[in-house]
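Fold and contact review
If you want the building blocks of each chain, they are given just below.
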Amino acid sequence: MILTIVIEPETTAARPEMPDDLMITPRDSLPQPAPLEGLSSGERLLVWSLRHMAQPYASPARRGCPLIRHAFLQACGEDADEVMATFRAFLLLYGRSARQRPRVGCPGCQDLTPDERQLLRLLALAQPSADPTAPARFYALVEHLMRPGTTDGLLVASRAMAGTLGAHGLSLPVRPLALERAPTSGRYDA
């Protein structure tokens, strides 16, 4: 396979602007990050594709990025396009309904932003669970993250996305609220 890279000339009029719904954050302004190590395959797929979809160079004409589609094909087989469409719908509702603009890490960063952690936790809690407290925690998280009056659509979209992931064996673990780096051995923290 031959990969061809086309470099387009930069023009100020035709250059797409950063979407208002998601914002890539400079690394220096982020709180203590959580490492990507140890994430499930579903979590990695979502974070990786989210970061690439949020890039400022992503225009509506380039919506069908072949790398993202390939990753979803590997994970979801022939249902990849439907899963990607469900994910885009979820992200659209999430971004437009959030109390604050979600901050997304740059592709290649080895840490999760707090907003990426919340997104993964939201989808993990939206999955069917034997835990009787999961639905209450799910509703509470949605109420906490979203503006009043915008929660209904996100509840439906979250459950649809979680169900779609689960149908393809990509269940997300419900992680503790504070994903923190493991303490360095030999270091004493009071």
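The sections below set out a description of the structure shown in this document. (Residues numbered from 1 in each chain as written. Predicted model: local features only at pLDDT ≥ 70, side-chain atom pairs only at ≥ 80, totals over all residues. Heavy atoms only, no water.)

1. Concerning the packing of helix H5 (residues 134-145) against helix H6 (residues 151-167)
For clarity, the cut-off: Lines fitted to C-alpha atoms define the axes, with helix axes restricted to the stretch in contact, and inter-axis angles between N-to-C directions lie between 0 and 180 degrees. Here a helix means four or more residues in a row that DSSP labels H or I, a strand means two or more in a row labelled E, and each is numbered from the N terminus. Angle categories are assigned with fixed cut-offs, so that under 35 degrees is roughly parallel, over 145 is roughly antiparallel, 65 to 115 is roughly perpendicular, and the rest are oblique. In this scheme, a crossing is called left-handed if the near helix is turned counterclockwise away from the far one by less than a right angle; it is called right-handed if the turn is clockwise. By definition in these notes, contact holds between two residues if any of their heavy atoms fall within 4.5 Å.
The N-to-C vectors of H5 and H6 enclose an angle of 130 degrees; their axes lie 10 Å apart at closest approach. As judged from the angle between their axes, H5 and H6 are oblique. Read as a crossing pair, H5 and H6 show a hand that is right-handed. Here Phe138, Tyr139, Val142 and Glu143 of H5 come into contact with H6, specifically with Thr151, Leu154, Leu155, Ser158 and Arg159.

2. Focus on the packing of aromatic side chains
Put simply, the test is: Note on ring pairs: Phe, Tyr and Trp rings are taken, using the six-membered ring of Trp, and paired if centres are within 6.5 Å. Classes follow the plane angle, with under 30 degrees stacked, over 60 edge-to-face and the rest tilted. To sort residues, take the accessible area from a 1.4 Å probe on protein chains only and compare it with the maximum for the residue type: under 20% means buried, over 50% means exposed, and anything in between is partly exposed.
In the structure shown here, the tally under the stated rule is 3 aromatic pairs. Seen in terms of ring centroids, Phe90 and Tyr94 are 5.8 Å apart; in terms of plane orientation they differ by 35 degrees. Their pairing is tilted. Of this pair, Phe90 and Tyr94 both sit in helix H3 (residues 80-97), 4 residues apart, roughly one helical turn. Residue classification places Tyr94 among the buried positions, given a relative accessible area of 3%. Seen from their ring centres, Phe138 and Tyr139 are 5.7 Å apart, and the 50 degrees between their planes marks the pair as tilted. By relative accessible area, Phe138 is classed as buried at 1%.

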